[in-house]
Every structure is written in structure tokens, then in C-alpha cells.
Amino acid sequence: MSINKRSILSGVLGATASSIGKLALAPDSPVPSAAGSFCAAHVDRIGGDLAWACPYVSLATRGLCLLCMVGVNAVMISSFLEGMGESGSVVGTALSTAANFSCSAMYGMFFFGETVPMKDLIAINARLKAARDDVVSDIDASIAKLDAKENDLNERQEALDAKKVLDQYHANPDAGDSDLIEVNAGGTIVAARRSTLTQIKGTRFEALFSGRWDKNLQRDRQGRIFLDVSPVAFQAIVDYLTELAISSAEDPLSPPCVDGENDHILESYLKLFGLRATNMPESNIIKTAKEAECLNDWLREDGSDGQLELLHRGSRDGLTSDAFHSNCDYKGCTLTVIETIDGYVLGGYSNKPWSCSDGYKNANKAFVFVLSGSDLSKNDASFTIKEIEVFQVSNTSGEKTLDLAKGMADATRELPQAEQVTRFSKEINEALNAKQDCLLQVELDLLRLETVFEDERKFIDAFAIGDEKDLIVLNVNGTTMATHRATLQTVEDSVLARQFDDSKWTEQGIGPRVKTWTPDDVASWAENIDGIPADVGGTLNENDITGPELLALNMELLLLLEKLCVKRPGTLALVLKEIVLLKQANEDVVTLIEHSPYCFGKIVDFLRLKRLHSLGLTGKPALPKVCDGHKSSFEKVVRYYFPGDSANMLLGELRLR
């Protein structure tokens, strides 16, 4: 017998054995029921008390069926094993299973009246298809959502690129690292290479001198960039950058510094220009910018960032509880930093103020931290305090300031943090989550670019753009100072503001920027002078005479003109006269201020910071710091320009009691 026939026979025999077994064991089996009925019918026919035997007949029938099942199974197993030995198990098992299933179905229909549940199978198939369609639809929807996010990011990138293209109109296409940049910093001329001023990338200071905004920057009459800043602070920043250019990573620099009277002014400009990355506290414990940045990041994440003002220092005020509570109680939000003799630096923040009352208090914003030291969990949790400092955290988030770091942090917090996908198969989940994470990183990078670009544009518009006619040059008892007219008018109704308002102030005049003239500009100037031959302009142009060379008139130039085209002495004299007038028109017209340069300079520095604060560029300015020898003179000058209560704004503790 071939393998196919043996396999089919074993399937038929298996189905037969299974059906016989069901006949023997099923409670509603037709064979035992038929045997019992047959017995009962014959007992009635022959008569007698034999009805008790009928159940045993049914039972015997079940036993006979069981014996038949065992016999048929034995034959089935023998046939199946013979088939497997001849040609392997796969084909034989498949044929045997098919025959078993088919015969079982037929026997069920014949003996038990069973039918194949096709309706149930159809319903199950429909459920499977619907479930599959739902999963596919869900996957497609998830992919479509991610694709829409990708398209949105692409559109944002294109919009940002378009803005940058528009802003190229303000750029200097010829800007190079070797360019010499001259800056009129509040009346003091500071010069440095462009590469020196743009070393710290990504800062407002770098943007200011990068060349991207050169055509927008305010200039003085000599064509120099004008910045209404403290000359002392600006010079300190440039000196720092100059030294940074020749320093190595192994020889790090100390931050820019000035004398104690101007340190608060320098700090304001460092933050303004983005050169102070963190809010560096006045601390003996927090000594590095990295530690300060870490603390500020934690405060910012908690929505509690602000200025850190020292309230208590153990080495200065004492390590007693009385001293601590005397300095720290009821001071609002505080940050406590502790240094131990073992080298730990740890502490905590709470928006609940300290007090001497007993018991604990709940705070809705609080955290503890460890900045340095080994794992505290390995310690016995006891330590000796070497130093403790408590800072009041003055939240300045209510002020409208152009704070790039805060703007980034706020925008990042607004980003929706999508949950990881887990409802599909492992491979699909991983693919969807990978794209989701990638899109989030792209959005973060794009957000940083957008924030930096907008911050840079707003900073330039607010700080570095101005009308040349509002640039005031002052002669303060022989010392030259320069500032914006708006700076001098910061305090309304002051004598200084009235001196430079529209009704009393005469414009200092706007002369031509001869130092920026090209040979074409020089030729155009010459051609518009009455009485000078037209070929004079052409001669100057052909010899590439620029504006600075014209102002530096010497005998060589006159001899050149005489040799080339100007023969008449009168014409040479006329050219000379016009050049002299041009030089006079190009010079600054100054306003005399007959006061101490030291005292007046302090006032102007304060007004500069106050104006920057009003523009949303810096925080509230600190009071001027005045040395003891000038306090009396400073108060007189302040009260002269700011009579009445307005003087107290600048005098602070110097005001008369």
C-alpha cells in the first residue's frame, strides 16, 4: 500500500475510532439508546420481569463500542507508523489529518446529526478582518500624524530661511574676520578686529559685530559704529576678548572685570550681550559658572528663576540659629547652599519663607540637590557645616525682558511631550517611536534657531538702531562723552530732559560721512561744486581718491590736481576752500556741560541702564556707586539736574537725612 493510501487509511481509522468512542461515552449516544429500546420492546413481547436487564444491555453496548474503539485505534496506529517509516512525517501527517477531519465531520453528521458551523466561522472571519482593518487604520493614522508634524516643521524651516534671506539686505557682503571695527562707545573710541569681537558664537555681542546687521547699525559722523554704553564696561569686554584670542584651553581666563564702582554696570552689559550665561550669585561656595548654571537650570525648570541676593553667610554672620533666622525669616523664596568639611556641596530651595515657628510647612515648589561630593547614600547622613549661604530668589519673570535662555526654557516647556507608542507589534512601536523622537529633536533644534533669530533681530532693533540726529556729543569740562538724546530724557521733567527736548535743543547738525566716501562719491562731490571744471571730478575718480584721503589734503594732492587738470590758481584755491568746509562739516558739534566728568559720567551711566530697562533689555538698574571723595559733589550735580524727589532715584543712601 502506498504512503498516500496508508496515510488516508490511518486518518479514516482515527476518525472512526474517535466516533466509536463518542458512541460509547456520549450521554446522548444513539447506539446505547437503541440497544436499550430494543431490549425494552422484546421484554414486553415475551413478557416476564426482565425490564431490569435493559440498562445492563445499554451498558454492555457501550463496553462493546469501547473495545471496538481500542481495536480500530491499534490498526490506525500501525498503519500510520508504517506510512511514516516509508516517506517521512510531513506529507503523511497532512493527509492523515485531512482524512481524519473529513471523516469526523461525516460521521458526526451521520451518527449525531451535527453540522459544520460555517456561520460561526464566517462571523469570526469578519471579526478578524475588522480587527485587522482597525489596526491598519490606527497605524496609518499614527503615520499620518507624524507626517503632518514633519510637514509643519519643514514649513517652519522654510519660513525661517525666508526671513533670513530678507534680512540679508542689512548685511555687509564684504565683511571679513580681518576687518578693523571702530566703535564709538559712549564717546570713547575702541577698535578691534572683527574676528576678536565675534569669538563667542551665538551671543548678542557676536551678532552685533558679525556683519549680518552692518547696514542697520547706528553710526557717528565719522562712520564708526555708535553704541550708547559705558566706555569703561565696554573696554573691559573688548580687553577680555583680546586676551581670549591669544589664550589656550589650558590657560583659562578670569571673567571681565572693572573697579568696584563699575562692577554692577559691567554685569548688566555682560547679561545684555549674552556674555554672562548664568545668574552668577555672590557666593563663596558656588565658584564656577557650571555650578551656577546648574542651579539656574533647576530653578528655571521649577518656574522659580530670578535674581539671587545673598541674605546670610555663616562665615560672615555666624553659624548660630539666631543669626540665621534674623537674616532669613520672612524673606520669601530662598535658596540655601551648604558646604561641608568633607567637600559636599548641597542644599535646597523652597518658595515657603523661613520662620521661627514650630513644625513643618508645605511648599508647592521645593527641591533639594547635591552639587558635588561622593554618594550621600554611602554616608551616615551626618556632616559638619563648613559654610552656609542663603539667597533670596527675587522672581523677575514679571518684567518684560529679552532673555534668550528664559525664552528658550518657556518655549520648551510648551512643547507637547508625546507618549511612547505601545499598542502595536514591537517592530511597529519601535519605528513609530523612533520617528516621534526624531521629530521632537528636530523641533527643539528649530525652536532654538527661531528663538535665537528673533532675539537677535529684536535686540538689534531695540539697542543698535537709531537716528544720527539724536546722537549727542558732550564736552564735559574737557572730557568727550556721547549718548542718545533719549537717554538724557529718560527722567521726565528733569532739567537734563528739558535741556534736550525739542523746544530748547538745537540739532547739532548732520554732516556728510566723508570718511565712508568711495572714489565715485568724491567725484560726485567735486562735480557739484560751482566754479570747478567738470573734469576735476573725473580726475579724482581715475586716481581712486577716497573720502579719508580728501580730508587728509596735502600738497601732493594739490600738485596732482595742478599737474593733471587744474591750471588756474583760483580753481585750486576754490577746491581747497571746499575741502576745508567739508572737513568742518564732518566734525562733531559738541554741547558743553560744565560739571565734573566723574559725577556727570555716573549720571549718564545710570540713565543708560535705566533706558535699557525701559526697552526691556536689562533688569532694573542699581544705584550709582560713588567714592567717598565725590559723594558731596555728586549729590549737588544730581540735585541740580533732578530737583525734588526725583533726585532720590539716583542718590539712594546718599540722600540727605
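Just above, that's the structure.
Rules of the game
Residues numbered from 1 in each chain as written. Predicted model: local features only at pLDDT ≥ 70, side-chain atom pairs only at ≥ 80, totals over all residues. Heavy atoms only, no water. Helix = DSSP H or I, 4+ residues; strand = E, 2+ residues; numbered from the N terminus. Buried < 20%, exposed > 50% of the residue type's maximum accessible area, 1.4 Å probe, protein only. Contact = heavy atoms within 4.5 Å. Areas by Shrake-Rupley, 256 points an atom, 1.4 Å probe, with all protein chains shown as cover. Pairing = 2+ DSSP bridges. 1 Å grid on protein atoms, 1.4 Å probe; cavity = no way out; pocket = protein on both sides within 12 Å on 5 of 7 lines; lining within 4 Å. Points joined across faces, edges and corners; volume = space filled by probe spheres on them. Nonpolar A, V, L, I, M, F, W, Y, C, P; charged D, E, K, R; others polar. Axes fitted to C-alpha atoms, helices over the stretch in contact; angles between N-to-C directions. Patch = residues over 30% accessible without salt bridge, like charges linked within 9 Å, V, L, I, M, F, W, Y side chains within 5 Å. Salt bridge = Lys/Arg side-chain N within 4 Å of Asp/Glu carboxyl O. Lys, Arg positive; Asp, Glu negative; His and termini not counted. Charge placed at Lys NZ, Arg CZ, Asp CG, Glu CD. Disulfide = S-S within 2.5 Å. Core = buried A, V, L, I, M, F, W, Y, C linked by side-chain atoms within 4.5 Å. Phe/Tyr/Trp six-rings, centres within 6.5 Å; stacked < 30°, edge-to-face > 60°. Left-handed = near helix turned anticlockwise from the far one by under 90°.

## Overview of the overall build of the chain
Item 1. Looking only at helices and strands, one finds 24 helices and eleven strands in the chain.
Item 2. Within the chain, buried positions represent 38% of all 657 residues.
Item 3. Partitioning the intrachain contacts of the chain with sequence separation of at least 6 by distance along the chain shows that 70% fall at a separation of at least 24.
Item 4. Element-wise, carbon and sulfur atoms account for 56% of the exposed surface of the chain, whose accessible area totals about 36,500 Å².

## Comments concerning the pairing of strand β1 (residues 180–185)
Item 1. Taken together, the six bridges between β1 and strand β2 (residues 188–193) define a ladder with antiparallel strand orientation. Looking across to β2, one finds that L180 is bridged to R193.
Item 2. Hairpin connection of β1 to β2: two residues between the antiparallel strands, including G186 at a positive phi of 65°.
Item 3. As judged from the three bridges shared by β1 and strand β3 (residues 225–227), these two strands associate in the parallel manner. Of the residues in β3, the one forming a bridge with V183 is I225.

## Regarding empty space enclosed by the protein
Item 1. For the coordinates displayed, the defined rule picks out two cavities of 30 Å³ or more.
Item 2. Its boundaries defined by the atoms lining it, the largest cavity holds a volume of some 70 Å³.
Item 3. For the largest cavity, the full set of lining residues is E261, H264, I265, K602, D605, F606, L609, A622, L623, P624 and K625.
Item 4. Take the lining of the largest cavity: its biggest share by element is four residues, from helix α22 (residues 597–614).
Item 5. Grouping the constituent residues of the lining of the largest cavity by class yields six nonpolar, one polar and four charged.

## Digging into the sheet that holds strand β7 (residues 366–372)
Sheet strands line up and pair through hydrogen bonds in the backbone, either parallel or antiparallel.
Item 1. Ordered by their spatial adjacency, five strands build an open sheet running β4-β8-β5-β6-β7, and the pairing between neighbours is antiparallel. The two strands at the open ends of the sheet, each matched to only one other strand, are β4 (307–313) and β7. Averaged over all neighbouring strand pairs, the angle between strand axes comes to 20°, with direction disregarded.
Item 2. The strands touched by helix α12 (residues 321–328) are β4 and β8 (385–394); relative to β4, the strand with the most contacts, the crossing angle is about 150°.

## Considerations on a negative patch on the surface
Item 1. On the surface, a cluster of negative charge is made up of D152, E155, E158 and D161.
Item 2. Note on placement: E158 falls in helix α5 (residues 118–167).

## Considerations on the state of the cysteines
Item 1. Applying the stated criterion to the full structure yields zero disulfides.
Item 2. Not part of a disulfide, C599 finds its nearest cysteine sulfur in C627, a span of 8.3 Å.
Item 3. Using a relative accessible area of 1% as the deciding quantity, one classes C599 as buried.

## Comments concerning the nonpolar core
Item 1. Counting 33 residues, the largest nonpolar core has L208, F209, L227, F234, Y269, F273 and F463 as its most contacted members.
Item 2. For this core, the secondary structure elements donating two or more residues are β1, β2, α7 (204–209), β3, α8 (231–244), α9 (263–272), α14 (426–464) and α22.
Item 3. With residues up to four places along the chain from it excluded, the contact list for F234 reads V183, A185, V190, F205, F209, L227 and V229.
Item 4. Listed in part, the 24 residues of the second largest apolar core include I472, M481, V638 and L650.

## Brief notes about the packing of aromatic side chains
Item 1. This model, assessed by the stated rule, comprises 14 aromatic pairs.
Item 2. Ring centres 5.9 Å apart and planes at 40° place the aromatic pair F205 and F234 in the tilted group. One end of the pair, F205, is in helix α7; the other, F234, is in helix α8, with 29 residues separating them in the sequence.
Item 3. The buried category is assigned to F205, whose relative accessible area is 1%.

## Observations regarding the sheet that holds β2
Item 1. Taken in spatial order, the three strands line up as β2-β1-β3 in an open sheet, and their pairing is mixed. Looking at which strands have only one partner, the edges of the open sheet turn out to be β2 and β3. Strand-to-strand twist across the sheet, computed as the mean angle between neighbouring axes with direction ignored, equals 30°.

## Here we look at the packing of α9 against α22
Item 1. Between α9 and α22, the shortest axis-to-axis distance is 11 Å and the interhelical angle comes to 30°. As α9 packs across α22, the resulting crossing turns out to be left-handed. Packed against α9, whose contacting residues are I265, S268, Y269 and L272, the element α22 presents D605, R608, L609 and L612 at the interface.
Item 2. Of the residues that constitute the contact of α9 with α22, the class distribution is five nonpolar, one polar and two charged.

## Some remarks on unusual backbone geometry
Item 1. The residue N477 is not glycine, and still its phi comes out positive at about 50°.
Item 2. Inspection of the secondary structure assignment puts N477 in the loop between β9 (471–476) and β10 (479–484).

## Some remarks on a nonpolar patch on the surface
Item 1. A surface patch of nonpolar side chains, amounting to about 410 Å² of accessible area, comprises W52, Y56 and L59.
Item 2. Positionally, L59 belongs in helix α3 (residues 54–87).

## Some details on α9
Owing to its 3.6 residues per turn, the α-helix aligns residues three or four sequence positions apart on the same side.
Item 1. Restricting attention to buried positions, one finds in α9 the residues H264, I265, L266, Y269, L270 and L272.
Item 2. Backbone geometry just downstream of α9 places G274 in the positive-phi region, at approximately 75°.

## Remarks on the pattern of salt bridges
Two side chains of opposite charge can pair, provided their charged atoms sit close to one another.
Item 1. Taken as a whole and judged by the stated rule, the model has 26 salt bridges.
Item 2. The shortest N-O distance in the salt bridge between E456 and R212 comes to 3.1 Å. One end of the pair, E456, is in helix α14; the other, R212, is in the loop between α7 and β3, and 244 residues separate them in sequence.
Item 3. When salt bridges with common partners are traced through the structure, they connect K149, R156, E443 and E450 into a single cluster.

## So, the environment of E578
Item 1. Relative to the helices and strands, E578 resides in helix α21 (residues 569–586).
Item 2. Separated by 52 residues in sequence, E578 and A526 place their C-alpha atoms 9.0 Å apart.
Item 3. Setting aside anything within four residues of it in sequence, one finds E578 in contact with W525 and I529.

By themselves, these figures tell us nothing about what the structure is for.
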